[in-house]
Amino acid sequence: MNQDLAFAKELAKYKDKWVALQDKRVVASGNSVREVQEKVVRKKIKDFAFHYVPSKRLAMAV
Amino acid sequence: MKFPYTPRFLEDYESVEHDPLLWVSFMSPETGQSAAVLGMIDSGAAEILLHTGIGEAMGIDIASGEKALYSGIGGTIEGYKHTVLMQVRGDRKAHEVTVSFAPIEGMDALFGQRGFFENYKVVFEKYKNQFEVIAKRSRRRK
């Protein structure tokens, strides 16, 4: 399995959740951005990105 | 800056969707707080739309912004516009842009025409599962 598919498999564990990512590593997860933020603050994690892991195909137009 | 499409397993765990996801940081000049999000480049979106939670993480009083309505496949949602600084990971330059914070369901961020495509050219090479983000050149004085 290549690195990207390994990342996809890792993310699949967090379907319908918010996660904090450091590159391709999930460092915190929760049901809301606030919950994830509280965890990263508690763990003193820096340089991360929020991401929502969808379980369905997305179709959005604004 | 070239990036691979990000593969994501969907419900059945068999099918894989590849999306053009990009790591972008936003900073509020009002609060001085920032947040990064791995969101989707969406040329069909009119502007930059961020989930309300991202704005809250930046300490922004969301409802103090200009109200706007957004219609999508799932119906209409209410958003609030704010001016922030946007910086794409890998780019040294930050851009002042207007974004809307809205409770977009099942989604973190959409990087659309106003704000994002005004500052970057994006070349999608889906057949290679890669895309390129090219910063707009600033005009040089003669």
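Think of each chain on its own: its residues are numbered from 1, step by step along the sequence as written. As they are written, the chains are lettered A onward and the ligands numbered 1 onward, keeping that order. Since the coordinates come from a predicted model, pLDDT governs what is reported: local features require at least 70, and pairs of side-chain atoms require 80 or more to be given and counted, while whole-chain, interface and lining totals use all residues. Computation of side-chain values covers all heavy atoms of the structure but excludes hydrogens and water.

**A closer look at the environment of Phe50 of chain A**
Okay, step 1: One can find Phe50 of chain A in strand S3 (residues 49-53).
Okay, step 2: Residues Phe50 of chain A and Glu10 of chain A lie 40 residues apart in sequence; the distance between their C-alpha atoms is 15 Å.
Okay, step 3: Any two residues whose heavy atoms approach within 4.5 Å are treated as being in contact. If we skip the residues at most four places from it in the chain, Phe50 of chain A touches Trp18, Val19, Val33, Val36 and Gln37 of chain A together with Ala35, Ala36, Val37, Leu38, Ile54 and Ala57 of chain B. Secondary structure elements follow DSSP: runs of H or I no shorter than four residues count as helices, runs of E no shorter than two count as strands, and numbering proceeds from the N terminus.

**A look at the pairing of strand S2 (residues 6-9) of chain B**
Residues and elements named next belong to chain B.
Okay, step 1: Exposure is judged per residue with a 1.4 Å probe applied to protein chains only, and the accessible area is read against the type maximum: over 50% gives exposed, under 20% gives buried, and values in between give partly exposed. Burial along S2 is two-sided: Thr6 and Arg8 facing one way and Pro7 and Phe9 facing the other are all buried.
Okay, step 2: Only when DSSP finds a minimum of two bridges between them are two strands counted as paired. Bridge count between S2 and strand S3 (residues 16-19): four bridges; the pairing is antiparallel. Residue pairing across strands places Arg8 opposite Glu17, the latter belonging to S3.

**Some thoughts on the interface of chain A and chain B**
Okay, step 1: Chain A puts 29 residues into the contact, and the matching count from chain B is 39 residues.
Okay, step 2: A side-chain nitrogen of Lys or Arg and a carboxyl oxygen of Asp or Glu constitute a salt bridge if their distance falls within 4 Å. Where chain A meets chain B, there are one salt bridge.
Okay, step 3: Residue Asp23 of chain A pairs with Arg89 of chain B through a salt bridge whose shortest N-O separation is 3.0 Å.
Okay, step 4: Pairs of N or O atoms are called polar contacts if they sit within 3.5 Å, as long as, within protein, a hydrogen donor faces a hydrogen acceptor (for residues adjacent in sequence, only side-chain-to-side-chain pairs). Linking chain A with chain B are eight residue pairs in polar contact (both at pLDDT 80 or more), by the criterion used here.
Okay, step 5: Put simply, the parts of the chain that give the side of chain A that touches chain B at least two residues each are helix H1 (3-11), strand S1 (17-22), helix H2 (33-42) and S3 of chain A.
Okay, step 6: Per-element tally for the side of chain A that touches chain B: the top contributor is H1 of chain A, with five residues.

**Details of unusual backbone geometry**
Okay, step 1: For Lys44 of chain A, which is not glycine, the phi torsion reads 55° and is therefore positive.
Okay, step 2: Looking at the secondary structure, you find Lys44 of chain A in the loop between H2 and S3.
Okay, step 3: Under the relative-accessibility criterion, Lys44 of chain A is labelled exposed at 70%.
Okay, step 4: One non-glycine residue, Asn129 of chain B, adopts positive backbone phi at about 55°.

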